[in-house]
Amino acid sequence: MKKNIIFAAMISFEANNVSLPKWDNAKICRWIEAVADSHGYTVGNLNYLFCDDEYILEANRQFINHDYYTDVITFDYTHAGRISGDILISLDTVASNAKLVGASYDSELRRVVVHGVLHLCGINDKGPGEREIMEKAEDEALAIYDEI
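For the structure given in this document, a descriptive report is provided here. Worth saying up front: this structure is predicted, and the values here are computed from it rather than measured. (Residues numbered from 1 in each chain as written. Predicted model: local features only at pLDDT ≥ 70, side-chain atom pairs only at ≥ 80, totals over all residues. Heavy atoms only, no water.)

To continue, consider helix α1 (residues 25-38). The terminal C-alpha atoms of α1, which comprises 14 residues, lie 20 Å apart, in line with the 20 Å expected from a rise of 1.5 Å per residue. Those residues of α1 lying buried are Asn25, Lys27, Ile28, Cys29, Trp31, Ile32, Val35 and Ala36. At the N-terminal boundary of α1, the capping side chain belongs to Asp24, with an oxygen 3.1 Å from the backbone nitrogen of Ala26. In the segment just after α1, Gly40 is the residue with positive phi, at about 85 degrees. (Helix = DSSP H or I, 4+ residues; strand = E, 2+ residues; numbered from the N terminus. Expected span 1.5 Å × (residues − 1). Buried < 20%, exposed > 50% of the residue type's maximum accessible area, 1.4 Å probe, protein only. Polar contact = N/O pair within 3.5 Å; in protein donor to acceptor, adjacent residues only side chain to side chain.)

Written out as structure tokens, the structure is:
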């Protein structure tokens, strides 16, 4: 089991059974901070754990009582306008979803990374009409990435 940890500001990236994404960590952190700011939040402790499908399936079973694979699970510890949380991302499912929707792996990964941030900013996607709100917020956040 290989573990890597990189810290930037209060945002950390860790990998379990996968390799960390090859990206500009400083840019990703600036982007996350800009997205949080655009929703009226600051960033506290934010921990990303990139993993494989089996790891996220076990987390789904253990913590949420769901017995299926997913691309992201967000544990929200946000308090007083400061987003904090643990965000688990299955890189296996990100790759599958990218193929399914005809997106590049990198763009789908960024969408999932920011999806967790948007949950911490109070945007949901399970109720009536919420999925559309989340998708619009994701698109706006991805546009911010392009500006950084």
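With that settled, the discussion passes to the side chain of Ser90. When you line up the elements, Ser90 lands in strand β5 (residues 82-90). When near neighbours in sequence (up to four residues on either side) are disregarded, Ser90 contacts Cys51, Asp52, Asp53, Ile56, Thr70 and Asp71. (Contact = heavy atoms within 4.5 Å.)

Right, let's talk about the layout of surface pockets for a bit. When its volume is computed, the largest pocket comes out at roughly 480 Å³. Put simply, the parts of the chain that give the lining of the largest pocket at least two residues each are α2 (53-64), β4 (72-76), α4 (105-120) and α5 (130-147). Broken down by element, the residue count for the lining of the largest pocket peaks at five residues, all from α4. Its residues assigned to classes, the lining of the largest pocket comprises five nonpolar, seven polar and seven charged. (1 Å grid on protein atoms, 1.4 Å probe; cavity = no way out; pocket = protein on both sides within 12 Å on 5 of 7 lines; lining within 4 Å. Points joined across faces, edges and corners; volume = space filled by probe spheres on them. Nonpolar A, V, L, I, M, F, W, Y, C, P; charged D, E, K, R; others polar.)

Let us now look at the packing of helix α3 (residues 91-101) against α4. Helix-helix packing is characterised by the crossing angle of the two axes and by the distance between the axes. Between α3 and α4, the shortest axis-to-axis distance is 9 Å and the interhelical angle comes to 120 degrees. One element, α3, and the other, α4, form an angle in the oblique class. As α3 runs across α4, the sense of the crossing is right-handed. Contacts from Leu91, Val94, Ala95, Asn97, Ala98 and Val101 of α3 reach α4 at Tyr105, Glu108, Leu109 and Val112. When grouped by side-chain class, the residues that make up the contact of α3 with α4 number eight nonpolar, one polar and one charged. (Axes fitted to C-alpha atoms, helices over the stretch in contact; angles between N-to-C directions. Parallel < 35°, antiparallel > 145°, perpendicular 65-115°, else oblique. Left-handed = near helix turned anticlockwise from the far one by under 90°.)

This part covers the packing of aromatic side chains. For the structure shown, the criterion picks out seven aromatic pairs. On the basis of an interplanar angle of 25 degrees and a centroid distance of 5.6 Å, the ring pair of Phe13 and Tyr48 is categorised as stacked. Of the two residues, Phe13 is situated in strand β2 (residues 11-16) and Tyr48 in strand β3 (residues 42-51); the sequence distance between them amounts to 35 residues. The burial state of Phe13 is the same as that of Tyr48; both residues are buried. Measuring from centroid to centroid gives 5.8 Å for Trp23 and Phe50, while their planes differ by 75 degrees, and the two rings are edge-to-face. In this pair, Trp23 sits in the loop between β2 and α1 while Phe50 sits in strand β3, placing the two residues 27 residues apart along the sequence. For Phe50, a relative accessible area of 0% gives the class buried. Aromatic rings pair up to connect Phe13, Trp23, Tyr48 and Phe50 into one cluster. (Phe/Tyr/Trp six-rings, centres within 6.5 Å; stacked < 30°, edge-to-face > 60°.)

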